[in-house]
Amino acid sequence: TAIESVCCGTPIIGFDIGGIPDIVEDGVNGSLVQKICPEQLAVAILNGITNLENFNNIDISLNATEKYKLERQALRYIELFEGKVI
């Protein structure tokens, strides 16, 4: 859902684990919470809601749709299967 969110221009707030840091650029298209802690997540959500003007929804959407467009992903898979990606 994170990729879908940024493609729609919606900033993401999530923990700095798994695939989330691959999608979220802290301060650009969302916020990463370093420690898995409900209180820190709540603070990050509150900060995000009260500072929505810090995020440019159009830029978030444009960057994500370019980064995750099907043609680009297909080429990345081809490179992976051909051993060109480490």
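See the structure shown above.
What this report covers is the structure whose coordinates are included nearby.

Conventions adopted
Residue indices follow the written sequence of each chain, beginning from 1 at its first position. The predicted origin of the model limits local features to residues at a pLDDT of at least 70 and limits the giving and counting of side-chain atom pairs to 80 or more, whereas totals for whole chains, interfaces and linings rest on all residues. Only hydrogens and water are set aside when side-chain values are computed; all heavy atoms of the structure are taken into account. Here a helix means four or more residues in a row that DSSP labels H or I, a strand means two or more in a row labelled E, and each is numbered from the N terminus. Each residue gets one of three labels from its accessible area relative to the maximum for its type: buried under 20%, exposed over 50%, partly exposed in between, using a 1.4 Å probe on protein chains only. Two residues qualify as a contact provided that any one of their heavy atoms is within 4.5 Å of a heavy atom in the partner residue. To be clear on the numbers: accessible area is Shrake-Rupley with a 1.4 Å probe, and residue cover counts the displayed protein chains and nothing else. When charges are tallied, Lys and Arg are placed among the positive residues and Asp and Glu among the negative ones, while His and the ends of the chain are skipped. Working definition for charges: the position is that of NZ of Lys, CZ of Arg, CG of Asp or CD of Glu. With a 1 Å grid laid over protein atoms only, a set of points is called a cavity when a 1.4 Å probe fits there but cannot get out and a pocket when it is open yet has protein on both sides within 12 Å along at least five of seven lines; lining residues have an atom within 4 Å of a point. Grid points are joined across faces, edges and corners, and a volume is the space filled by probe spheres set on the points. Gly is placed with the polar residues, together with every amino acid not listed as nonpolar (Ala, Val, Leu, Ile, Met, Phe, Trp, Tyr, Cys and Pro) or charged (Asp, Glu, Lys and Arg). Patches were defined on residues exceeding 30% relative accessible area and lacking a salt bridge, with like-charge contacts within 9 Å and nonpolar side-chain contacts (Val, Leu, Ile, Met, Phe, Trp, Tyr) within 5 Å. Here a salt bridge means any side-chain nitrogen of Lys or Arg lying within 4 Å of a carboxyl oxygen belonging to Asp or Glu.

1. Thoughts on the overall build of the chain
In terms of regular secondary structure, the chain is built from five helices and two strands. What you see in the chain, going N to C, is helices and strands ordered as α-β-α-β-α-α-α. Along the first, second and third principal axes, the C-alpha set of the chain runs to 45 × 30 × 15 Å. A total of 86 residues make up the chain; the buried ones form 26% of that total. For the chain, restricting intrachain contacts to residue pairs at least 6 apart in sequence, the fraction spanning at least 24 positions comes to 41%. Accessible surface, the chain as shown: approximately 6200 Å² in total, 60% of it carbon and sulfur. Separation of charge centres in the chain, based on 6 positive and 12 negative side chains, amounts to 7 Å.

2. Points about the side chain of Ser5
Of note, Ser5 is situated in helix α1 (residues 2–7). With residues up to four places along the chain from it excluded, the contact list for Ser5 reads Thr10, Pro11 and Ile12.

3. Structural notes on the layout of surface pockets
Over the atoms, a rolling probe the size of a water molecule traces out where space has been left empty. In this structure, the largest pocket encloses a volume near 200 Å³. For the largest pocket, the lining is made up of 13 residues, of which Ile23, Glu25, Asn29, Asn63 and Lys67 are closest to its centre. When contributions to the lining of the largest pocket are tallied by element, the ones reaching two or more residues are α2 (20–23) and α4 (57–67). Residue contributions to the lining of the largest pocket peak at four residues, all from α4. Its residues placed into classes, the lining of the largest pocket shows eight nonpolar, two polar and three charged.

4. Here we look at a nonpolar patch on the surface
On the surface, Tyr77, Leu80 and Phe81 cluster together into a nonpolar patch covering about 390 Å² of accessible area. Taking the relative accessible area as the measure of exposure, Leu80 reaches 45% and is therefore partly exposed.

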